[in-house]
Amino acid sequence: IADNKSTMSDLGEVCEVISDTISFVEKGLVERDLEARLVVLGMVSQEHVLFIGPPGTSKSQIGRRLSQLCGGPFFQRLFTRFTTPEEIFGPLSL
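Presented here is an overview of the structure given in this document. (Residues numbered from 1 in each chain as written. Predicted model: local features only at pLDDT ≥ 70, side-chain atom pairs only at ≥ 80, totals over all residues. Heavy atoms only, no water.)

1. Some thoughts on the overall build of the protein chain
Then comes step 1: From N to C terminus, the protein chain includes four helices and zero strands.
Then comes step 2: Order of helices (α) and strands (β) in the protein chain, N terminus to C terminus: α-α-α-α.
Then comes step 3: The C-alpha atoms of the protein chain give a radius of gyration of 18 Å, which is well past the 12 Å a tight globule of 94 residues would have.
Then comes step 4: The dimensions of the protein chain, computed from C-alpha atoms along their principal axes, are 60 × 40 × 20 Å.
Then comes step 5: With 94 residues in all, the protein chain has 15% of them scored as buried.
Then comes step 6: The long-range fraction of contacts in the protein chain, counting pairs at least 24 apart against all pairs at least 6 apart in sequence, stands at 40%.
Then comes step 7: Total accessible area computed for the protein chain in this model is approximately 7900 Å², and 59% of it derives from carbon and sulfur atoms.
Then comes step 8: For the protein chain, the distance from the average site of its 9 positive side-chain charges to the average site of its 12 negative ones is 10 Å. (Helix = DSSP H or I, 4+ residues; strand = E, 2+ residues; numbered from the N terminus. Rg over C-alpha atoms; globule rule 2.2 N^0.38 Å. Buried < 20%, exposed > 50% of the residue type's maximum accessible area, 1.4 Å probe, protein only. Contact = heavy atoms within 4.5 Å. Areas by Shrake-Rupley, 256 points an atom, 1.4 Å probe, with all protein chains shown as cover. Lys, Arg positive; Asp, Glu negative; His and termini not counted. Charge placed at Lys NZ, Arg CZ, Asp CG, Glu CD.)

Quick look at the structure:
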């Protein structure tokens with residue numbers, strides 16, 4: 001039973017850290033709570049997140065904040081209607 005209490009305590013701490021991280025990412029942004037949760041989920045699960053939308057909707061700001069929090073690199077890619085798959089994924093070889 002002692003191990004179970006320790007595990008529950010550790011789980012509570014992890015939930016608190018995740019909640020604080022989401023709050024940091026979404027601070028000052030209007031209606032971006034879902035996006036903040038998604039980038040934190042992507043970070044925790046070590047998966048990629050792709051945001052597509054019109055300019056001025058905080059996509060880059062959310063990425064910068066998460067990068068700042070983690071101390072990792074931040075990069076962005078501007079897609080246009082002329083962007084080709086090779087520009088995104090590199091040359092395709094069959």
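And the narrative resumes.
2. Notes on helix α2 (residues 33-45)
Then comes step 1: With 13 residues, α2 ought to run about 18 Å at 1.5 Å a step, and its terminal C-alpha atoms sit 18 Å apart, in line with that.
Then comes step 2: For α2, every residue scored as buried is listed here: Glu35, Ala36, Val39, Val40 and Gly42. All buried residues of α2 fall inside an arc of 155 degrees around its axis, so they share one side. Exposed positions of α2 whose direction lies more than 90 degrees from the buried face are Leu34, Leu41 and Val44.
Then comes step 3: Positive phi shows up at Gln46, right after α2, with a value of about 55 degrees. (Expected span 1.5 Å × (residues − 1). Arc of directions from axis to C-beta.)

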